[in-house]
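Coordinate inspection notes
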Amino acid sequence: ARVSIIPVQPGVPLTGPPPGVRSEDSGQFTLSGLVPGRYRLMVSRDGYAGSGMSPGMPQAVQLISLSPGEKLKNVTLRLTPGAVISGRILDETGEPVIGAMIHVLRQATEFGRRTFVPATRGDQSNDLGEYRIHSLPPGKYYLSVQVNPGRSVPTASSPTEQQEGYVMTFYPNALSPAQAQLLEVRPGERLEGMDFAIHPVPVRTVTGVVKYARTGQPPHQAFVQLVQADNGDGASRLRGFGGGVDAKGAFRIGGVMPGAYTLVARSSMSARESVTGRLAVSVGEENVSGLELLVTPGGTIKGGVRVEKADQPQPDAPDPLKNMRIFLRPEDPVLGPFGMMPPVPDENGGFELFGVHPGSYRVSPNLPPGFYLKRVKFGDQTSENNRIQVPDGFTTGTLELLVSPNSATIGGTLLDKDQKPVSQGPLLVVPDFDKPEDLDTDRIVPGQSDQRGGFEIRGVPPGKYRVLGFRVLEPGRSRDPELIAQAAGRAEKVEVQEKDRKQVTVRAVEQEE
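Residues numbered from 1 in each chain as written. Predicted model: local features only at pLDDT ≥ 70, side-chain atom pairs only at ≥ 80, totals over all residues. Heavy atoms only, no water.

**Considering the overall build of the protein**
Definition in use: Helix and strand definitions follow DSSP, with helices as H or I runs of at least four residues and strands as E runs of at least two, each counted in order from the N terminus. Accessible area is worked out with a 1.4 Å probe on protein chains only. A residue is then buried under 20% of its type maximum, exposed over 50%, and partly exposed in between. Contacts: residue pairs with any heavy atoms within 4.5 Å of one another. Only the protein chains shown count as cover for residues, with accessible areas throughout obtained via the Shrake-Rupley method and a probe of 1.4 Å.
Each helix and strand in the protein was counted, giving 1 helix and 37 strands. Counting over 513 residues, the protein shows a buried share of 45%. A fraction of 70% describes how many contacts in the protein between residues 6 or more apart in sequence connect residues 24 or more apart. Accessible surface for the protein amounts to roughly 25,600 Å². Of this, 48% is attributable to carbon and sulfur atoms.

What follows is the structure, encoded as structure tokens:
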């Protein structure tokens, strides 16, 4: 197995050997030449849980703290045997379906909305209709299969002619995850015979043309997508239908289930120029034709990053402008960040964002530990929650970011119900809230306890918080409002100002609670 180590806080050098070694056949390893500090110790090996998503990525991570002169012995990194899910994809006649895409999905939360994300890399059915997905971590998952919508979809000769086609199906045979079977997978388990028997369902065809709003001409190499309206099941973004347009801007999208959609057209001619347009579309008992979708160019934001001086400068403090990228994350899942390349500020903090379209965004620069985004000013809008609203008709604007190194630190100990330290337990610093719907999940600061149950969470902006600790936390649930609301009774409340260092003792939420 490959064992590597990286410092948690900036400025901690790694002297001596390289920061990675291979364990012996017995599993033993030694890392030396480490200065006192906090580190992440990681191990990876093919075939174990997690290696199916990105080979070489760590499958086991521990947070450790080293005191001066300390020799930490008998550290155990446990690799979890990967689970396997396999089965076949059959059509309505019992024949194997070749080339179907199978995905293992887990629930996650984004901007307070439930959604689904891939838990590992998917698989494609072979000539026997077989699929096999390996190296799955233990957890709760949904299985989905997607067949090319064009497969067995006849071309209608009239708007009322009945069409049938294959659409995304959730195991065992559901069109929504609300009716699907939730699979709970244990370490090393082999779930075999997870077969899909897919059937064609009534579908429609949507056709139209894309034009520039100002000239009426077709855009260059536009892409058109139908995004299903959010119906609360979290799967709307999984059910996108789309394709390109021809030289005249015409498009044809087949295999569309009846329902409410947003038609989105996007075209990016360069990193500095993109156009987009959107149109509400209702698909009913007939095909939809004659749509005209008008696109407009995105605006340009010129901005700057200013870094406050630290009240107590550290000689080894990192430069937050180095390797910084500035992301505008749309809160509307339909909008998407198309055409917006995250810029890198120059040495003076200047940057430009191109192809910005109307909508609500979160400004998210990646910052080194200990720094936080103190204030955002977009035109005449000033925000301390990092949210900006780009108005309709937007062409140009200014964005000013104030970054501060004077964040607060919340530390302490994570204990179980018997008052014993909980090692490697996940923690969440959650902005205080009255009702679950008021919870700002985008401002949650995560942490983890070390081998002694101790933790130190840096980069906390001033404010009122609840500190939650867990013995185990499923992937994707760290921003789940429902889970956080349920666990709020175990939280320790704390209020911090800039440069504060507060200590709290947190009772871990047990897995069965």
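Read on for the rest.
**Brief notes about the sheet that holds strand β30 (residues 396-404)**
Inclusion rule: Any two strands with at least two DSSP-identified bridges between them are counted as paired. Axis geometry follows a simple rule: fit a line to the C-alpha atoms, using only the stretch in contact for helices, then measure angles between N-to-C directions, giving values from 0 to 180 degrees.
Overall, mixed pairing links the 5 strands, which are arranged β25-β23-β30-β27-β28 in an open sheet. Both edges of this open sheet fall to β25 (350-356) and β28 (381-383), since each of them pairs with a single strand only. Taken over all neighbouring pairs, the strand axes of this sheet differ in orientation by 20 degrees on average, direction set aside. Two elements, strand β23 (residues 299-307) and β25, share 5 bridges in a ladder whose sense is antiparallel. Looking at the pairing, G303 lines up with F351 of β25.

**Observations regarding the side chain of Q62**
Rules: Any pair of N or O atoms that falls within 3.5 Å is considered a polar contact. Within protein, one atom must be able to donate a hydrogen and the other to accept it, and sequence-neighbouring residues count only if both atoms are side-chain atoms.
Take Q62: it is sitting in strand β4 (residues 60-66). Residue class for Q62 comes out buried when judged on its relative accessible area of 15%. Here the side chain of Q62 touches T76 through a polar contact of 2.6 Å, landing on its backbone oxygen. If sequence neighbours within four positions are ignored, Q62 has contacts with Y39, R40, L41, V75, T76, L77, Q424 and Q448.

**Regarding the pattern of salt bridges**
The criterion, for reference: Salt bridge criterion: a side-chain nitrogen from Lys or Arg within 4 Å of a carboxyl oxygen from Asp or Glu.
Using the criterion set out here, one finds 17 salt bridges in the structure. The closest approach of N and O atoms between R186 and E189, which form a salt bridge, is 3.2 Å. Take E189: its relative accessible area is 17%, and that puts it in the buried class. Here K374 and E308 are joined by a salt bridge, their closest N and O atoms 3.0 Å apart. You can see K374 sitting in strand β27 (residues 372-378) and its partner E308 sitting in the loop between β23 and β24 (326-330), a full 66 residues away along the chain.

**Describing the sheet that holds strand β2 (residues 20-22)**
One open sheet holds the 4 strands; their spatial order is β2-β1-β3-β4, and the pairing between them is antiparallel. Of all strands in the sheet, those bounded by a partner on one side alone are β2 and β4. Pairwise comparison of adjacent strand axes, ignoring direction, gives a mean angle of 20 degrees for this sheet. Bridge count for strand β1 (residues 2-7) against strand β3 (residues 37-44) is 6 bridges, and the pairing is antiparallel. Within β3, the residue paired with V3 across the bridge is V43.

**Structural notes on unusual backbone geometry**
The amide bond that connects Y171 to the next residue, P172, takes the cis arrangement and shows omega of 5 degrees. Mapped onto the fold, P172 is located in the loop between β12 (169-170) and β13 (183-185). Not every positive phi belongs to a glycine, and N386 is a case in point at roughly 70 degrees. What makes N386 buried here is its relative accessible area of 17%. One non-glycine residue, Q424, lies in positive phi territory at about 60 degrees. Considering the arrangement of structural elements, one finds Q424 in the loop between β31 (408-415) and β32 (426-431). Looking at Q424, the relative accessible area reads 17%, which means it is buried.

**Structural notes on the environment of G469**
Tracing the backbone through its elements, the reader meets G469 in strand β35 (residues 463-469). The class of G469 is buried, set by a relative accessible area of 1%. Ignoring anything within four residues of it in the chain, the contact list for G469 reads L414, P426, L427, V506, R507, A508 and V509.

**Description of the side chain of E189**
Checked against the element boundaries, E189 lands in the loop between β13 and β14 (190-191). Among residues more than four places away in sequence, those in contact with E189 are A83, V84 and E184.

**With respect to the environment of M257**
The topology assignment puts M257 in the loop between β19 (250-256) and β20 (259-270). Distance in space between the C-alpha atoms of M257 and V201 is 8.0 Å, their sequence separation being 56 residues. When residues no more than four places from it in sequence are discounted, the contact partners of M257 are V167, L175, P202, F241 and V283.

**With respect to the nonpolar core**
Using the following cut-off: To define a nonpolar core, start from buried Ala, Val, Leu, Ile, Met, Phe, Trp, Tyr and Cys residues and group those joined through side-chain atoms within 4.5 Å.
In this structure, L226, F251 and L263 are the most contacted members of the largest nonpolar core, which totals 24 residues. Those elements giving two or more residues to this core turn out to be β16 (201-212), β17 (223-228), β19, β20, β21 (273-283) and β22 (288-297). Those residues within four positions of F251 in sequence are excluded, and the remaining contacts are V206, T207, G208, V209, V210, V224, G244, V245, L263 and L291. With 23 residues, the next largest nonpolar core counts V97, I133, Y141 and M194 among its residues.

**Describing the environment of L294**
With respect to the element layout, L294 can be found in strand β22. Separated by 16 residues in sequence, L294 and R278 place their C-alpha atoms 7.7 Å apart.

**Here we look at the confidence of the model for the protein**
We count it as follows: The pLDDT value expresses, per residue, how confident the predictor is, ranging between 0 and 100.
Predicted confidence across the protein gives a mean pLDDT of 86, with 88% of residues reaching 70 or more. Of the regions scoring below 50 in pLDDT, residues 11-18 engages in 18 contacts with residues more than four places distant in sequence or in other chains. Between residues 150-157, whose pLDDT stays under 50, and residues either more than four places distant or in other chains, the model counts 18 contacts.

**Brief notes about the pairing of β21**
Where a strand is regular, its side chains alternate between the two sheet faces. Where β21 and β22 come together, 2 bridges link them in antiparallel fashion. Residue T276 lies in a different strand from β22, and its bridge partner there is T296. Where β21 folds back on β22, the antiparallel hairpin that results is connected by 4 residues.

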